[in-house]
Amino acid sequence: MNNFIYHNPTKIVFGKGQIKKLHDLVPAMYPVMLTYGFGSIKNNGVYDQVKKALYGHQLIEFGGIEPNPTYETLMKAITLIKENNIAYLVSVGGGSVLDGTKFIAAAAKFDGADPWDIVAKKTPIKEAIPLGCVLTLPATGSESNCYAVISRKETQEKKDFGSSLVYPQFAVLDPLTTFSLSQKQLVNGVVDSFVHVVEQYLTYDCKALLQDRQAEAILQTLAEKAQSIINDEPEYETRATFMWCATQALNGLIGCGVPQDWSTHMIGHELTAYYGIDHAQSLAVILPRVLESQIETKKDKLAQYAQRVWQLPTEDVLSLAQKAITKTETFFRDLGMKTTLSEYCIDPQEASQKIFERFTKASTILGEQGSMTPACVRDIVIKSA
Ligand code: NZQ
Ligand code: ZN
C-alpha cells in the first residue's frame with residue numbers, strides 16, 4: 001500500500017426530512033447564493049423545502065446551470081456574487097449544479113486574468129467561497145469530494161479541476177429527493193458510481209486488502225440492487241443504499257494508497273465534449289474496451305473481481321479476466337445502457353482521430369502504469385465502434 005493522507009472535511013447529513021437542517025448548517029450572517037439547474041427542484045418540492053429551511057437568511061438565486069456545466073453559464077454568476085457580496089454558496093441539485101458551484105466558488109476569488117485557467121492550466125486556487133449542497137442525484141460523489149468537471153462550449157472542451165478549498169462543508173443527502181429521477185438518470189447514476197469504483201480497483205495488487213474489500217462491497221451492492229433501483233417503484237431503503245454507495249464510491253476512501261486508472265473517465269469526457277452524450281453513457285462505451293486493451297496488466301485484479309463480485313467459478317486467470325469484462329458489459333446492457341459508439345451514431349474513426357490529436361497535443365498519457373499512449377487510446381475508441 002502506498003503512503004497517503006486522508007482528509008475529508010464534508011459533513012454528511014443523511015436521511016429523510018434532513019433538508020430542514022439547512023437552517024443551522026448555513027451561516028446566517030452572510031448573504032447566500034442558492035444555485036440550481038432547470039426545473040427539477042421546483043417540480044419535486046426540494047426548492048420549497050430549501051426556501052423554508054433558509055427562511056430568514058439573505059438569499060440570492062442563480063438557476064440555469066446545465067448538465068455538464070459550462071464556463072459560459074457559470075461566469076454569469078460571478079457578477080451577481082460581487083454585486084451582492086455573496087459569502088456562502090448552497091448547491092441544490094445533481095452533480096452538474098454542484099460542480100458548477102465549485103467552479104463559481106473558486107472563480108469568484110480568482111486573482112488571475114481568466115478563471116478558465118483553474119481548469120485549463122490547473123492554476124492553484126488560493127481562496128474560494130465556502131459551499132454546501134443538497135444532492136438530489138446519486139452518481140458523481142461530488143457531494144463529498146474536492147473535484148469538479150467543467151465544459152467550455154466555445155472550444156468543445158470538458159476538463160476537471162480539484163482543490164481542497166472546494167470540498168462541500170456539508171452535504172444533505174435525503175434519499176426521498178431521488179424519487180423524481182427518471183429511469184435514464186437512475187441508470188446513469190448506477191453506471192457512473194460503478195465505474196468510479198472500478199477505476200480505483202481494477203489496476204494491480206498492492207496488498208491493500210481493506211480497500212479491495214471496500215470497493216468490492218460497493219460493486220456488489222450496486223450490482224445486487226441495480227435492477228430494483230431502476231425498475232421498481234421508488235422505495236426509501238433502496239434509494240438510501242444507492243445514495244450512500246454513490247457517495248462512498250468517490251469520497252476518497254477506497255482510493256487511499258492504491259494505484260488508480262482514470263482513463264475511461266478521461267476518454268469519456270472527450271466523447272461528451274465533442275458529441276454531447278451523457279457522462280455515464282460515455283463510460284459504458286469506453287470501459288469494456290479499456291479493460292480489454294489493458295488485460296495483460298489488469299488480469300489478476302480482473303480475475304479477483306470476477307470471483308468476488310460476480311461469483312464466477314475458479315479457472316485460469318486469463319479466462320476469468322475475459323469473463324469479468326463480458327460480465328461488466330452485460331451488466332450495463334441489462335440496465336438498458338448502450339455500450340457502442342454506433343448506437344449513438346458516433347463515427348469511431350472521426351472520434352478516435354479527434355481524441356488522438358487532442359491527447360497528442362497535450363502529451364496525455366493514461367493508465368495506472370502510465371502506459372496508455374494517445375495511439376493506444378485511438379485504438380480503444382476505434383474498437384468501441
Ligand atoms: O437541471 P435540473 O432541472 O436540476 O435537472 C437535472 C438534470 O437535467 C436532473 N435532476 C437532478 N436531480 C433530479 C433531477 N431530475 C429529477 N429529480 C431529481 N431529483 O438530472 C439531470 C442530470 O443532472 P446532472 O447533475 O448533470 O447529473 P449528474 O449528477 O450525473 O452529474 C453529471 C456531471 O458530473 C460530472 C460529470 O462529468 C457531469 O458533468 N462528474 C463529476 C465528478 C466529481 N465532481 O467528482 C465525477 C464524475 O465522474 C463526473 O465526471
Ligand atoms: Zn464519473
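Residues numbered from 1 in each chain as written. Chains lettered and ligands numbered in written order. Predicted model: local features only at pLDDT ≥ 70, side-chain atom pairs only at ≥ 80, totals over all residues. Heavy atoms only, no water.

Caption draft 1: Spotlight on a nonpolar patch on the surface. On the surface, a nonpolar cluster with roughly 310 Å² of combined accessible area is contributed by Met1, Phe4 and Tyr6. With respect to the element layout, tyrosine 6 can be found in the segment before strand S1 (11-14). Under the relative-accessibility criterion, tyrosine 6 is labelled partly exposed at 37%. (Patch = residues over 30% accessible without salt bridge, like charges linked within 9 Å, V, L, I, M, F, W, Y side chains within 5 Å. Areas by Shrake-Rupley, 256 points an atom, 1.4 Å probe, with all protein chains shown as cover. Salt bridge = Lys/Arg side-chain N within 4 Å of Asp/Glu carboxyl O. Helix = DSSP H or I, 4+ residues; strand = E, 2+ residues; numbered from the N terminus. Buried < 20%, exposed > 50% of the residue type's maximum accessible area, 1.4 Å probe, protein only.)

Caption draft 2: How the structure looks around helix H8 (residues 209-231). A rise of 1.5 Å per residue sets the reference length of H8, with its 23 residues, at 33 Å; its end C-alpha atoms lie 34 Å apart and thus fit the reference within 8%. Its maximal kink placed at lysine 225, H8 deviates by approximately 50°. The complete set of buried residues in H8 reads Gln211, Asp212, Ala215, Glu216, Ile218, Leu219, Leu222, Ala226, Ser228, Ile229 and Ile230. Those residues of H8 hidden inside the fold are in contact with helix H7 (183-201), helix H9 (236-249), helix H12 (295-308) and helix H13 (317-334). (Expected span 1.5 Å × (residues − 1). Bend = angle between axes of the 7 residues up to and from the residue. Contact = heavy atoms within 4.5 Å.)

Caption draft 3: Just the packing of helix H11 (residues 279-293) against H13, in detail. The interhelical angle for the contact between H11 and H13, taken along N-to-C directions, is 175°, at an axis separation of 10 Å. When the interaxial angle is binned, H11 and H13 end up roughly antiparallel. Side by side, H11 and H13 meet where Ala284, Leu287, Pro288, Arg289, Leu291 and Glu292 of the first sit next to Ile325, Thr328, Glu329 and Phe332 of the second. In the contact of H11 with H13, the residues fall into 6 nonpolar, 1 polar and 3 charged. (Axes fitted to C-alpha atoms, helices over the stretch in contact; angles between N-to-C directions. Parallel < 35°, antiparallel > 145°, perpendicular 65-115°, else oblique. Nonpolar A, V, L, I, M, F, W, Y, C, P; charged D, E, K, R; others polar.)

Caption draft 4: Seen up close, the site of ligand 1. The environment of ligand 1 is made up of 32 residues, and the closest members are Ser40, Gly95, Ser96, Lys158 and His196. Here tyrosine 147 contributes a backbone N or O atom positioned 3.0 Å from a nitrogen atom of ligand 1. Between ligand 1 and lysine 158, the relevant distance is 2.7 Å, taken from an oxygen atom to a side-chain nitrogen or oxygen of the residue. Surface burial for ligand 1 is 88%, taken as the share of its 970 Å² of free accessible area covered by protein chains. (Near = heavy atom within 4 Å. Polar contact = N/O pair within 3.5 Å; in protein donor to acceptor, adjacent residues only side chain to side chain.)

Caption draft 5: View of the domain arrangement of the chain. Each domain of the chain was delimited in the assignment, giving domain 1 (11-177) and domain 2 (182-382). Averaged C-alpha coordinates put domain 1 and domain 2 at centres separated by 26 Å. Facing the 25 residues of domain 1 at the interface are 22 residues of domain 2. For the pair domain 1 and domain 2, the two sides together bury roughly 2,000 Å², of which 64% comes from carbon and sulfur. When the area that domain 1 buries against domain 2 is broken down by residue, the three leading residues are Pro138, Gln156 and Lys158, summing to 31%. Scanning the region where domain 1 abuts domain 2 turns up 0 salt bridges. (Domains from an automatic or database assignment. Buried area = accessible area lost by both parts, 1.4 Å probe.)

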